[in-house]
Amino acid sequence: EDLFEKYLKGDPSAKRAFNEYGKHLANALVIIVYALNPQMIVLGGSVAKSYEAFKDSLQSDLRALLPEILFDSVKVVSAKDHDIAVLGAAALCLK
């Protein structure tokens, strides 16, 4: 049983782990927002599969770490296709 399945079953330690993950991911994304000022950040792969588990903590920490104008200017979403990174790499190869 993986951590996300435990989260879905209400496991408190899994919830704490995902909250902590959201906090650390927010710290990493803040660097990207300051460096690149993207309009959107798309999370893919296994991160996208469990996005609902850490979305609230991610958004909360991003709001706390970024000035309001930057927080409001970037949208963080999860990819619908969990293989989006592979598809993006293939698209670059086809150019």
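Residues numbered from 1 in each chain as written. Predicted model: local features only at pLDDT ≥ 70, side-chain atom pairs only at ≥ 80, totals over all residues. Heavy atoms only, no water.

## Observations regarding the overall build of the chain
Now for step 1: In terms of helices and strands, the chain carries 6 helices and 2 strands.
Now for step 2: For the chain, the α and β elements follow one another from N to C terminus as α-α-β-α-α-α-β-α.
Now for step 3: Considered along the principal axes of its C-alpha atoms, the chain spans approximately 45 × 35 × 15 Å.
Now for step 4: For the chain, the proportion of its 95 residues judged to be buried stands at 29%.
Now for step 5: Sequence separation of at least 24 residues holds for 72% of the intrachain contacts in the chain that already meet a minimum separation of 6. (Helix = DSSP H or I, 4+ residues; strand = E, 2+ residues; numbered from the N terminus. Buried < 20%, exposed > 50% of the residue type's maximum accessible area, 1.4 Å probe, protein only. Contact = heavy atoms within 4.5 Å.)

## Some thoughts on the confidence of the model for the chain
Now for step 1: The predicted model of the chain averages 92 in pLDDT, with 98% of residues at 70 or higher.
Now for step 2: Of all helices and strands in the chain, the one with the weakest mean pLDDT is helix 6 (residues 84-94) (81), whereas helix 2 (residues 12-36) scores best (98). (pLDDT = per-residue confidence, 0-100.)

## What about the pairing of strand 1 (residues 40-43)?
Now for step 1: Along strand 1, the buried face is formed by Ile-41 and Leu-43; none of Met-40 and Val-42, which line the opposite face, is buried.
Now for step 2: Where strand 1 lies against strand 2 (residues 75-78), 4 bridges are found, and the strand directions are parallel. Counterpart to Val-42 in the pairing with strand 2 is Val-77. (Pairing = 2+ DSSP bridges.)

## Here's the deal with the packing of aromatic side chains
Now for step 1: Enumeration over the complete set of coordinates arrives at 5 aromatic pairs.
Now for step 2: Ring centres of Tyr-7 and Phe-18 lie 5.6 Å apart, and the angle between their planes is 75°; on these two criteria the pair is classed as edge-to-face. Here Tyr-7 is found in helix 1 (residues 3-8), whereas its partner Phe-18 is found in helix 2, with 11 residues between them in sequence. In this structure, Tyr-7 and Phe-18 share a single accessibility class: buried. (Phe/Tyr/Trp six-rings, centres within 6.5 Å; stacked < 30°, edge-to-face > 60°.)

## Structural notes on the side chain of Ser-50
Now for step 1: Its place among the elements puts Ser-50 in the loop between helix 3 (45-49) and helix 4 (51-65).
Now for step 2: With a relative accessible area of 10%, Ser-50 lands in the buried category.
Now for step 3: A distance of 3.3 Å separates a polar side-chain atom of Ser-50 from the backbone oxygen of Ser-46. (Polar contact = N/O pair within 3.5 Å; in protein donor to acceptor, adjacent residues only side chain to side chain.)

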